[in-house]
Amino acid sequence: GFYRPFKAVTPFTETIGADNLPRGAVSGVNPGDDVFMYAGTNNNGTGGLWELQSDGSWTDVSRSAGYSMTQTGCWDFARFGDNIIAVSCSLNPQRFEMGVSTTFEDLGGSPPAGRSVKVLRDQVFISGLSSDPTKIVWSALNDITGWTEGVDQAGAQTFPDVGECHGVYGANVGYVFFDRAIY
């Protein structure tokens, strides 16, 4: 990592849409040193994805179909290059290219739905899968749309007898946390 001082500290004074509860956020800097911030919300089961504008207001950048979530559903985010990846339980993982996209869209390659996303080195890991909470999957090397197991190092691993996966953590080395184990 590296350190860069804040240009200025500005408090948020705008709400994220009417009656929306923030349920996750991420920020990123593109190669042009433009700063971007995104937040996921949940309003009684209706999810939304938002982008912070330079004037401090929030713009809805959700896909046109919207997001149906559980009442307690949360968002998790990861940054891969200029891409922001958003996941939330049973929803298709979403992708937004900073400075290019106008709305989030389904992440290509048919990755599974999960509640946690993490980038380790040059791959994206999704865990807490809706289809199998004891399984984690990872993308192809340097390809966020490559999810076919065995192709370009994409893969999956099921961990029986350790309970649900709560997430993958780390930077260069990953640690996987379950109900009854840490790998």
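Owing to the predicted nature of the structure, the values given are computational and were not obtained by experimental measurement. (Residues numbered from 1 in each chain as written. Predicted model: local features only at pLDDT ≥ 70, side-chain atom pairs only at ≥ 80, totals over all residues. Heavy atoms only, no water.)

**Concerning the sheet that holds strand 9 (residues 105–106)**
Then, in step 1: Pairing in this open sheet of 4 strands is antiparallel, and the strands run 6-7-8-9 from one edge to the other. One side of each edge strand has no neighbouring strand; the edge strands of this open sheet are strand 6 (76–80) and strand 9.
Then, in step 2: With 2 bridges connecting them, strand 8 (residues 94–97) and strand 9 associate as antiparallel partners. If you follow Gln94 over to strand 9, its bridge partner there is Asp106. (Pairing = 2+ DSSP bridges. Helix = DSSP H or I, 4+ residues; strand = E, 2+ residues; numbered from the N terminus.)

**Details of the nonpolar core**
Then, in step 1: The biggest cluster of nonpolar side chains holds 15 residues, and the ones touching the most others in it are Tyr38, Leu49, Tyr67, Trp75, Phe77, Ile84 and Phe104.
Then, in step 2: Elements with a minimum of two residues in this core: strand 2 (35–43) and strand 7 (83–87).
Then, in step 3: Those residues in contact with Trp75 that sit more than four places away from it in its chain are Arg23, Gly24, Gly40, Thr41, Gly48, Leu49, Tyr67, Met69, Ala86, Val87, Ser88 and Leu91. (Core = buried A, V, L, I, M, F, W, Y, C linked by side-chain atoms within 4.5 Å. Buried < 20%, exposed > 50% of the residue type's maximum accessible area, 1.4 Å probe, protein only. Contact = heavy atoms within 4.5 Å.)

**Here we look at the pairing of strand 3 (residues 46–52)**
Then, in step 1: With respect to burial, strand 3 is a largely interior element, 5 of its 7 residues being buried.
Then, in step 2: Across 6 bridges, the pairing between strand 2 and strand 3 is antiparallel. Residue pairing across strands places Asn43 opposite Thr46, the latter belonging to strand 3.
Then, in step 3: Between strand 2 and strand 3, which follow one another and run antiparallel, lie 2 residues, and Asn44 among them has a positive phi close to 50°.
Then, in step 4: Sheet analysis places strand 3 next to strand 5 (residues 67–68), joined by 2 bridges and oriented antiparallel. What sits directly across from Gly47, in strand 5, is Tyr67.
Then, in step 5: Examined bridge by bridge, strand 3 and strand 4 (residues 58–60) share 3 bridges and lie antiparallel to one another.

**Points about the sheet that holds strand 13 (residues 155–158)**
In any sheet, the strands associate via hydrogen bonds between backbone groups, in a parallel or an antiparallel arrangement.
Then, in step 1: Taking strand neighbours across the sheet as the criterion, the 4 strands line up as 10-11-12-13 in an open arrangement whose pairing is antiparallel. Either end of the sheet is taken by a strand with one partner, and the two such strands are strand 10 (114–120) and strand 13. The sheet shows a mean angle of 20° between the axes of neighbouring strands, direction not considered.
Then, in step 2: Where strand 12 (residues 135–138) and strand 13 come together, 4 bridges link them in antiparallel fashion. (Axes fitted to C-alpha atoms, helices over the stretch in contact; angles between N-to-C directions.)

**Focus: unusual backbone geometry**
Then, in step 1: Of note, the phi angle at Asp152 is positive, near 50°, even though the residue is not glycine.
Then, in step 2: Residue placement: Asp152 occurs in the loop between strand 12 and strand 13.
Then, in step 3: You can call Asp152 exposed: its relative accessible area is 54%.
Then, in step 4: Even without being a glycine, Asp161 presents a positive backbone phi close to 70°.
Then, in step 5: Here Asp161 lies in the loop between strand 13 and strand 14 (165–170).

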